[in-house]
Amino acid sequence: MASHDTYDKLIALLDEHGADYRVIEHESEGATEAVSRLRGHDLDRAAKCIIVMVKIGKKEKRFALAVVPGDKRVDLAAIKALYGGTYASFASPEIAEELAGSQSGTILPFSFDERLELIVDTALLAHPEFFFNAARLDRSLALSTTDYRSIAEPRLEPISQGTQD
């Protein structure tokens, strides 16, 4: 399954860089609120990873991997503005899973596809570590924020709004 390949790729990348992380095994769960309870942390320390499609003109599309704190929503208007786009929406599940290399609910806050720009909301990086499903519904990682920034090299932008409904 592609998800396990993506998980293995992530672990290899983190180990190669000597990242400070720990693996957390739990019941299969992809919903941010429920999995945060299983992992035992506040919602604002979870990375919610959403793939956004932005139309730029009539024929060009760009894809962004938007990563926001678990207690916030992705601000589509902010992402559209970053690209000077005409329209922004969540990518279809099929496209999202293809670009992410894992199923919805397990998308990593890392991009292994050159078509997918990684944009992280600055609020997620307020804590020394954050949590995310690791390309699997039954396994998460707690990762050092400092190591994440140096390894993933995300574009940092204010792309979240409000609180989770």
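For the structure, check the block above.
Residues numbered from 1 in each chain as written. Predicted model: local features only at pLDDT ≥ 70, side-chain atom pairs only at ≥ 80, totals over all residues. Heavy atoms only, no water.

Participant: Help me understand the sheet that holds strand S7 (residues 129–136), please; the structure alone is not making it clear to me.
Facilitator: Across a sheet, paired strands are connected by hydrogen bonds in the backbone, their directions being either parallel or antiparallel. Here we have 3 strands laid out as an open sheet, ordered S1-S8-S7, and antiparallel in their pairing. Lying at the two open borders of the sheet, with one neighbouring strand each, are strand S1 (21–25) and S7. Sheet twist, expressed as the average angle between the axes of neighbouring strands with direction ignored, equals 30°. Of the pairings in the sheet, the one linking S1 to strand S8 (residues 139–144) comprises 5 bridges and is antiparallel in character. Among the inter-strand pairings, Val 23 is bridged to a residue of S8, identified as Leu 141. (Pairing = 2+ DSSP bridges. Helix = DSSP H or I, 4+ residues; strand = E, 2+ residues; numbered from the N terminus. Axes fitted to C-alpha atoms, helices over the stretch in contact; angles between N-to-C directions.)

Participant: Can you help me understand the side chain of Arg 139 in this one?
Facilitator: Assignment of secondary structure puts Arg 139 in strand S8. Here Glu 25 takes part through its side chain, which lies 3.0 Å from a polar atom of the side chain of Arg 139. Not counting chain neighbours up to four residues away, the residues in contact with Arg 139 comprise Tyr 7, Val 23, Ile 24, Glu 25, His 26, Asn 133 and Ala 134. (Polar contact = N/O pair within 3.5 Å; in protein donor to acceptor, adjacent residues only side chain to side chain. Contact = heavy atoms within 4.5 Å.)

Participant: Can you help me understand the nonpolar core in this one?
Facilitator: Nonpolar side chains in soluble globular proteins tend to be buried together. If you look at the biggest cluster of nonpolar residues, it comprises 34 residues, and the most contacted ones within it are Ile 51, Phe 110, Phe 132 and Tyr 148. Looking at this core, the elements that each hand over two or more residues are helix H1 (2–16), strand S2 (47–56), strand S3 (60–69), helix H4 (93–100), strand S6 (116–121), S7, S8 and helix H5 (145–152). Broken down by element, the residue count for this core peaks at 5 residues, all from H1. Sequence-distant contacts of Phe 132, that is, excluding residues within four places in its chain, are made with Leu 10, Arg 39, Ala 47, Leu 108, Pro 109, Phe 110, Ser 140, Leu 141 and Leu 143. Listed in part, the 11 residues of the second largest apolar core include Val 52, Tyr 83, Ala 88 and Ile 159. (Core = buried A, V, L, I, M, F, W, Y, C linked by side-chain atoms within 4.5 Å. Buried < 20%, exposed > 50% of the residue type's maximum accessible area, 1.4 Å probe, protein only.)

Participant: Which parts of the structure should I look at to understand H5?
Facilitator: Structurally, the α-helix is built with 3.6 residues per turn, so residues lying three or four positions apart point the same way. All of the buried residues in H5 are Thr 145, Asp 147, Tyr 148, Ile 151 and Ala 152. Buried residues of H5 fall within an arc of 155° about the axis and therefore sit on the same side. Among the residues trailing H5, Glu 153 stands out with phi positive, at a value near 50°. (Arc of directions from axis to C-beta.)

Participant: In this structure, what is going on with the pairing of S7? I would like to understand it.
Facilitator: Every other side chain in a regular strand lies on the same face of the sheet, so the side chains alternate between the two faces. Most of S7 sits inside the fold, with 8 of its 8 residues counted as buried. One ladder, built from 6 bridges, connects S7 with S8; its direction is antiparallel. Counted as the bridge partner of Asn 133 is Ser 140 from S8. In this structure, the hairpin formed by S7 and S8 is closed by a connection of 2 residues.

Participant: Whenever I open this one, the environment of Phe 110 confuses me. Can you help?
Facilitator: In this structure, Phe 110 sits in the loop between H4 and S6. Owing to a relative accessible area of 6%, Phe 110 belongs among the buried residues under this scheme. Spatially, the C-alpha atoms of Phe 110 and Thr 145 are 13 Å apart, while their sequence positions differ by 35 residues. In contact with Phe 110, other than residues within four places in its own chain, are Leu 10, Leu 13, Leu 14, Leu 65, Leu 118, Phe 132, Leu 143, Tyr 148, Ile 151 and Ala 152.

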